[in-house]
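The chain contents come next:
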Amino acid sequence: MIICCGEALIDMLPRQSDAGEPAFAPHAGGAVFNTAVALGRLGRPVQFFSGISTDLFGDILRDRLAESHVDACPAALSDRPTTLAFVTLTDGHASYAFYDENTAGRMLSIDDLPASGADALFFGGISLVVEPCGAAYEALMLREAPNRVTMIDPNIRPSFITDETRYRARLTRMLGVADIIKSSDEDLEWITGNTDGPALLKATGAKIILLTRGSEGVTVVTATDQIDVPAQKATVVDTVGAGDTFSAGFLAELDRRGLLTKEALNSATGDDLKAATAFGARVAAITVSRAGANPPWASEL
């Protein structure tokens, strides 16, 4: 079982009404939410832990999880509102206005942490930036990391960071206990000032670094190997959810190979990691070929 731990929110996407008026359409989203949905659609046993509202937007989130075969039982339900992200497009580039104060996701606390029981846990996204939920996710990762495989994708959003010093300190602690770190080259440069994957491996003690480089593919860094895996060719509609889906594909293939335990991950070969990375790239290529974060089902592969 894999537990994805992080934000679930509603992206309010710009549309036009039948009367020609500007409007917004609600779509389920959130980086870690997308990873959970992708894992469920790939047929892997997955749970989702977050704070989820009982309001109408929370219904949309829970329905998407259920439709994608994701168990949301660990989630903390409350009557607080759902986080909303209003999206505006300027020359094709998206900007976001977040409404996150006192929401179900934001107000998640250490008291809401689920019991142990997973084989692996996945963390990341903007949920690590704000309080009190950021502290809750950090506490969960630090609690579980000694005994279970943990993976983190920081997925940096600089415009969302209000206390950079505190956030960097949290990332340092979480990266320091992670088994698998996935980072885009842009995120790694923000975190360390460079794009040196081997240096990050040494600094954190992680077993695996996945450095994604867009159309140039992915570099896998371990203590003994550095493997370059090419990106899959795709006609790109948009890149929403691409990295989230890649993470899901990588974890799904490791799970299929029985490698999501501390001991098994230590014995993973270069061929294992290359196959898992290639599968992640394949799944991500399908996601970018269609609008929005819409990960493929196993039957589509």
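Here the structure is shown first, and the text comes after it.
Since the structure is predicted, the reported quantities are computational estimates derived from the model, not experimental observations. (Residues numbered from 1 in each chain as written. Predicted model: local features only at pLDDT ≥ 70, side-chain atom pairs only at ≥ 80, totals over all residues. Heavy atoms only, no water.)

Draft legend 1. Highlighting the sheet that holds strand E10 (residues 149-153). Spatially, eight strands are ordered E4-E1-E9-E10-E11-E12-E13-E14 in an open sheet, and the strand pairing comes out mixed. One side of each edge strand has no neighbouring strand; the edge strands of this open sheet are strand E4 (46-49) and strand E14 (226-229). Shown here is a sheet whose adjacent strand axes are inclined to one another by a mean of 15°, direction ignored. Running over the sheet, helix H6 (residues 197-204) touches strand E11 (180-184), strand E12 (208-212), strand E13 (218-221) and E14 and is turned about 145° from E12. Taken strand by strand, helix H9 (residues 270-288) contacts E12, E13 and E14, and its axis lies near 30° from that of E14. (Pairing = 2+ DSSP bridges. Helix = DSSP H or I, 4+ residues; strand = E, 2+ residues; numbered from the N terminus. Axes fitted to C-alpha atoms, helices over the stretch in contact; angles between N-to-C directions. Contact = heavy atoms within 4.5 Å.)

Draft legend 2. Local environment of the nonpolar core. With 49 residues, the main nonpolar core has Phe-48, Ile-180, Leu-210, Phe-250 and Leu-254 as its most contacted residues. Excluding residues that lie within four positions of it along the chain, Phe-250 makes contacts with Met-151, Ile-180, Ile-208, Leu-210, Leu-273, Ala-276, Thr-277 and Gly-280. (Core = buried A, V, L, I, M, F, W, Y, C linked by side-chain atoms within 4.5 Å. Buried < 20%, exposed > 50% of the residue type's maximum accessible area, 1.4 Å probe, protein only.)

Draft legend 3. Geometry of the packing of aromatic side chains. One pass over the full model with this rule turns up seven aromatic pairs. Seen in terms of ring centroids, Phe-49 and Tyr-137 are 6.0 Å apart; in terms of plane orientation they differ by 75°. Their pairing is edge-to-face. Note that Phe-49 is positioned in strand E4 and Tyr-137 in helix H3 (residues 133-144), a separation of 88 residues in sequence. By relative accessible area, which is 0% here, Phe-49 ends up buried. Among the residues examined, Tyr-137 registers a relative accessible area of 0% and is labelled buried. Taking 5.5 Å as the distance between ring centres and 80° as the angle between the ring planes, the aromatic pair formed by Phe-86 and Tyr-99 counts as edge-to-face. Of this pair, Phe-86 sits in strand E7 (residues 84-90) while Tyr-99 sits in strand E8 (residues 93-99), and the two are 13 residues apart along the sequence. With relative accessibility at 24%, the residue Phe-86 sits in the partly exposed group. Aromatic ring contacts, followed pair by pair, group Phe-24, Phe-86 and Tyr-99 into a single cluster. Lying across the ring of Trp-190, Arg-168 places its NZ or CZ 3.8 Å from the centre. (Phe/Tyr/Trp six-rings, centres within 6.5 Å; stacked < 30°, edge-to-face > 60°. Lys NZ or Arg CZ within 6 Å of the ring centre and 35° of its normal.)

Draft legend 4. Quick peek at the packing of helix H1 (residues 31-41) against helix H2 (residues 56-67). At a minimum axis separation of 8 Å, H1 and H2 run at an interaxial angle of 30°. The angle between H1 and H2 places the two elements in the roughly parallel class. On H2, the residues that touch Phe-33, Val-37 and Arg-41 of H1 are Leu-61, Arg-64 and Leu-65. (Parallel < 35°, antiparallel > 145°, perpendicular 65-115°, else oblique.)

Draft legend 5. Summary view of the environment of Thr-82. Along the chain, Thr-82 falls in the loop between strand E6 (76-78) and E7. Along the chain, Thr-82 and Gln-16 lie 66 residues apart, while their C-alpha atoms are 23 Å from each other. Residue contacts for Thr-82: discarding those within four places in its chain leaves Leu-9, Ile-10, Ser-53, Asp-55, Phe-57, Gly-58, Leu-61, Tyr-99 and Thr-103. Among the polar contacts listed, one links the side chain of Thr-82 to the side chain of Asp-55, at a separation of 2.8 Å. (Polar contact = N/O pair within 3.5 Å; in protein donor to acceptor, adjacent residues only side chain to side chain.)

Draft legend 6. Focus on the pairing of E14. Burial of the side chains of E14 is restricted to one face: Ile-227 and Val-229 are buried, whereas none of Gln-226 and Asp-228 on the reverse face is. Where E13 and E14 come together, four bridges link them in antiparallel fashion. Note on E14: the bridge partner recorded for Thr-219 is Asp-228. Counting the residues between successive antiparallel strands, the hairpin from E13 to E14 contains four residues.

Draft legend 7. Spotlight on the environment of Pro-74. Relative to the elements of secondary structure, Pro-74 occurs in the loop between H2 and E6. In the structure, Pro-74 is positioned 88 residues away from Thr-162 in sequence and 29 Å away in space, judged by C-alpha atoms. Sequence-distant contacts of Pro-74, defined by excluding residues within four places in its chain, comprise Gln-47, Phe-48, Phe-49 and Pro-114.

Draft legend 8. How the structure looks around the pattern of salt bridges. Evaluation of the coordinates by the stated rule reveals 21 salt bridges. Residue Glu-300 pairs with Arg-290 through a salt bridge whose shortest N-O separation is 2.7 Å. Of this pair, Glu-300 sits in the segment after H9 while Arg-290 sits in the segment after H9, and the two are 10 residues apart along the sequence. Where salt bridges share partners, they join Glu-131, Glu-138, Asp-163, Arg-166, Arg-170 and Arg-173 into one cluster. (Salt bridge = Lys/Arg side-chain N within 4 Å of Asp/Glu carboxyl O.)

Draft legend 9. A look at the pairing of E13. Neither face of E13 is exposed, since Val-218 and Val-220 on one face and Thr-219 and Val-221 on the opposite face are all buried. Where E12 folds back on E13, the antiparallel hairpin that results is connected by five residues, among which Gly-214 adopts a positive phi of roughly 60°.

Draft legend 10. Layout of the environment of Thr-212. On the secondary structure map, Thr-212 appears in strand E12. On the basis of relative accessible area, Thr-212 is assigned to the buried category, the value being 13%. Sequence separation between Thr-212 and Ser-184 is 28 residues, and the spatial gap between their C-alpha atoms is 4.6 Å. In contact with Thr-212, not counting residues within four places along its chain, are Lys-182, Ser-183, Ser-184, Asp-185, Gly-217, Val-218 and Phe-246.

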